[in-house]
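Summary of the model geometry
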Amino acid sequence: MKLLQVLTDIFKRSFIMEPGEKCKSIIEGLAEIRVKSNKVFYNPVQEFNRDLSIAVLSTYVKEYKEQKIGKTKHLKDCELHDVPFTILEALSATGLRSIRYAKEIPNITKIIANDLSAQAVDTIKENITYNSVGNLVDASHDDACMLMYKHKNPRMRFAAIDLDPYGCPSIFLDAAVQSVQDYGILCVTATDMAILAGNSPETCYVKYGAVSLKTKCCHEMALRILLQSIEHHANRYSRYIEPLLSISADFYIRVFVRVNTGAQQCKKTTSKLSMVYQCVGCDTITLQPLGATKPNPSERNPGQLKFCLPAAPSVGELCLHCNQRHRLGGPIWTAPIHNMPFVTRVLEYVTENPHLFGTAKRIAGVLSMVREELPDVPLYHILDKLFGRVHIQTMPILIMRSAILNAGYRVSFSHASKLSIKTDAPARLN
Ligand SMILES: C[S@@+](CC[C@H](N)C(=O)[O-])C[C@H]1O[C@@H](n2cnc3c(N)ncnc32)[C@H](O)[C@@H]1O
Ligand SMILES: [Zn+2]
């Protein structure tokens, strides 16, 4: 844990002013910000996170407005202005992200850049003036949750809320799921990867309401733990999420989810969640769904689904492959973690406007990988671990992929890991 603490400290101090230096200027995208203290957080490594968020929100604004107007094509400019699109950056630090949103995302009505630290808010105010975006960005000095609770009335809600905290976002989720508009978007970062990746399953339960496991596919598992946690918070208010894009990058994860209201839809949540059995010997993972649906035989509601409980447990006492015991983790989100048509539109936006993003190439690479991911197959294997388990020499990943395809199954990479194999092929052929 000590090493992790050191890494966290480096991450937090990744922007350091030299002794005697009074002010540091940082240019990113169309914004130039000035920071006068090491106490105000700026992390250059997160440029990818900010670029990606700008690409996602630029794509989303139009879709949101079209949905609100009830039209999908040929929106006139004046119609785009009729529907407000307000963004809350609840944890803003220098204001860099909000200022970039103001300068780089078309058709935004208002952005609130909030922080609890008085010093951060002073920096935000100076940067708003320095960048001449006072018409679009307001600085706010408040606790993020208090500010969001003040906006939970449907007429006051935000079209987009951005949560980019140090570590875990869970203390902000209850307020966030209540203060985002229907069809609005939540953008959430989590950087406490050690907890999400199984180093402290008991802490993971405390923070996210799910037990994490140490497994080779921990990055996607982390995304799925965060998604189930947001869904759980939303369900309390008869709201539910639809993941648009879920990314694991560097030392953090970032999810973009649409939020809607509907008690009937919330009933489908248990069918989107599973507990996770992990064999202690061979690491094989078996999912245990919490709920299921079947067609309703009643003639009155022929299209409606009937909810039922799936058979359990989905594994025997000992593992089929190696005769060892299982561990139990979860629940995790096991429905799709991306909306592929939306991912395609974001990718198009980035490839058509590469000059807008310092990290355009990386975004295009990651989104292209995401588009190839098998949408209905949760989690993945890691090539060398898989071969290590059956004690044979690792073969090139392309040959392994062809072998799976030849056997009649589907296969893809996961953006979350280079040597990943996502497949619907079972661990054992009967
Ligand atoms: C990781 S930084 C945000 C970085 C920023 N979003 C960016 O892209 O550069 C987290 C910020 O959250 C602020 N913060 C922590 N707890 C808060 C709370 N309860 N309400 C509002 N701000 C808070 C901290 O002062 C810090 O500036
Ligand atoms: Zn086993």
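Each chain carries its own residue numbering, running from 1 in the direction its sequence is written. Lettering for chains starts from A, numbering for ligands starts from 1, and both go in the order in which the items are written. In view of the model being predicted, local features appear only for residues whose pLDDT reaches at least 70, and side-chain atom pairs are presented and counted only at 80 or more, with totals across whole chains, interfaces and linings using the full set of residues. Hydrogens and water are ignored here; the side-chain numbers use all heavy atoms of the structure.

Our working definition: UniProt positions are given in the numbering used here, feature names are shortened, and annotations may be inferred rather than shown by experiment.
Looking at an unreviewed UniProt entry, one finds the chain named tRNA (guanine(26)-N(2))-dimethyltransferase, with Leptidea sinapis as its source organism. Under the Sequence similarities (unreviewed entry) heading, UniProt states for the chain: "Belongs to the class I-like SAM-binding methyltransferase superfamily. Trm1 family." Recorded under Catalytic activity (unreviewed entry), the UniProt text for the chain is reproduced unchanged: "guanosine(26) in tRNA + 2 S-adenosyl-L-methionine = N(2)-dimethylguanosine(26) in tRNA + 2 S-adenosyl-L-homocysteine + 2 H(+)".

**As for the overall build of the chain**
Inclusion rule: Only DSSP runs of H or I with at least four residues qualify as helices, and only runs of E with at least two residues qualify as strands; both kinds are numbered from the N terminus onward. The cut-offs for exposure are 20% and 50% of the maximum accessible area for each residue type, with area from a 1.4 Å probe on protein chains only; residues under the lower value are buried, those over the upper are exposed, and the others partly exposed. Contact between two residues is taken to exist if any of their heavy atoms lie within 4.5 Å; hydrogens are not considered.
When helices and strands are counted, the chain shows 15 helices and 17 strands. Along the longest, intermediate and shortest principal axes, the C-alpha atoms of the chain span 65 × 65 × 40 Å. Expressed as a percentage of the 430 residues in the chain, the buried residues total 53%. Taking the intrachain contacts of the chain between residues at least 6 apart in sequence as the baseline, contacts between residues at least 24 apart amount to 66%.

**A word on the coordination of the zinc ion (ligand 2)**
Stated formally: Sodium, potassium and calcium take a 3.2 Å donor cutoff, other metals 2.8 Å, and in both cases only N, O and S atoms count; water is not among them, so sites may look incomplete. Every geometry call rests on angle ranges, with four donors termed tetrahedral when all angles are between 85 and 135 degrees, four termed square planar and six termed octahedral when opposite donors are over 155 degrees apart and all others are between 65 and 115, and everything else termed irregular.
Surrounding the zinc ion (ligand 2) are the protein donor atoms Cys279 (SG), Cys282 (SG), Cys319 (SG) and Cys322 (SG), at 2.2 to 2.3 Å. For the zinc ion (ligand 2), the four donor atoms are set out with angles of 93 to 118 degrees between them, so the coordination reads as tetrahedral. On the primary sequence, the residues serving as donors to the zinc ion (ligand 2) are separated as C-x2-C-x36-C-x2-C. Of the two residues, Cys279 and Cys282, both sit in the buried class.

**Thoughts on the side chain of Arg97**
Here is the rule: Under this definition, polar contacts are N or O atom pairs within 3.5 Å; protein pairs additionally need one hydrogen-donor-capable and one acceptor-capable atom, and for neighbouring residues in sequence, both atoms have to be side-chain atoms.
With respect to the helices, strands and loops of the structure, Arg97 is situated in helix α4 (residues 96–104). A polar contact is formed between the side chain of Arg97 and the side chain of Asn49, at a distance of 3.2 Å. Within polar-contact distance, the side chain of Arg97 engages the side chain of Asp162 at 3.4 Å. With sequence-adjacent residues up to four places away left out, Arg97 is seen in contact with Asn49, Arg50, Ser53, Glu89, Asp162, Asp164 and Arg254.

**Re the pattern of salt bridges**
Formally: Any Lys or Arg side-chain nitrogen located within 4 Å of an Asp or Glu carboxyl oxygen qualifies as a salt bridge.
One pass over the full model with this rule turns up 21 salt bridges. Where Glu126 meets Lys36, a salt bridge forms, and the shortest distance between an N and an O atom there is 3.0 Å. With Glu126 in helix α5 (residues 118–130) and Lys36 in the loop between β2 (31–35) and α2 (47–69), this pair connects stretches of sequence that are 90 residues apart. The residue Glu242 makes a salt bridge to Arg258 at a minimum N-O spacing of 2.9 Å. Taken together, the positions of Glu242 in strand β8 (residues 239–249) and Arg258 in strand β9 (residues 252–261) put the pair 16 residues apart, joining distant regions of the chain. Of the residues examined, Arg258 reaches a relative accessible area of 7% and is grouped as buried. Through salt bridges with shared partners, one network takes in Glu28, Arg50, Asp51, Arg100 and Glu104.

**Here's the deal with the sheet that holds strand β11 (residues 285–289)**
Put simply, the test is: Should DSSP find at least two bridges between two strands, the strands are taken to pair. Under this scheme, a helix contributes an axis fitted over its contacting stretch, all axes are lines through C-alpha atoms, and angles between N-to-C directions fall in the 0 to 180 degree range.
Taken in spatial order, the three strands of this open sheet run β11-β10-β14, and their pairing is antiparallel. Two strands close off the open sheet at either side, each with one partner strand: β11 and β14 (326–333). The mean inter-strand angle of the sheet, taken between neighbouring strand axes irrespective of direction, is 25 degrees. Set on the sheet, helix α10 (residues 218–235) makes contact with β10 (273–279), β11 and β14; between it and β14 the angle comes to about 55 degrees.

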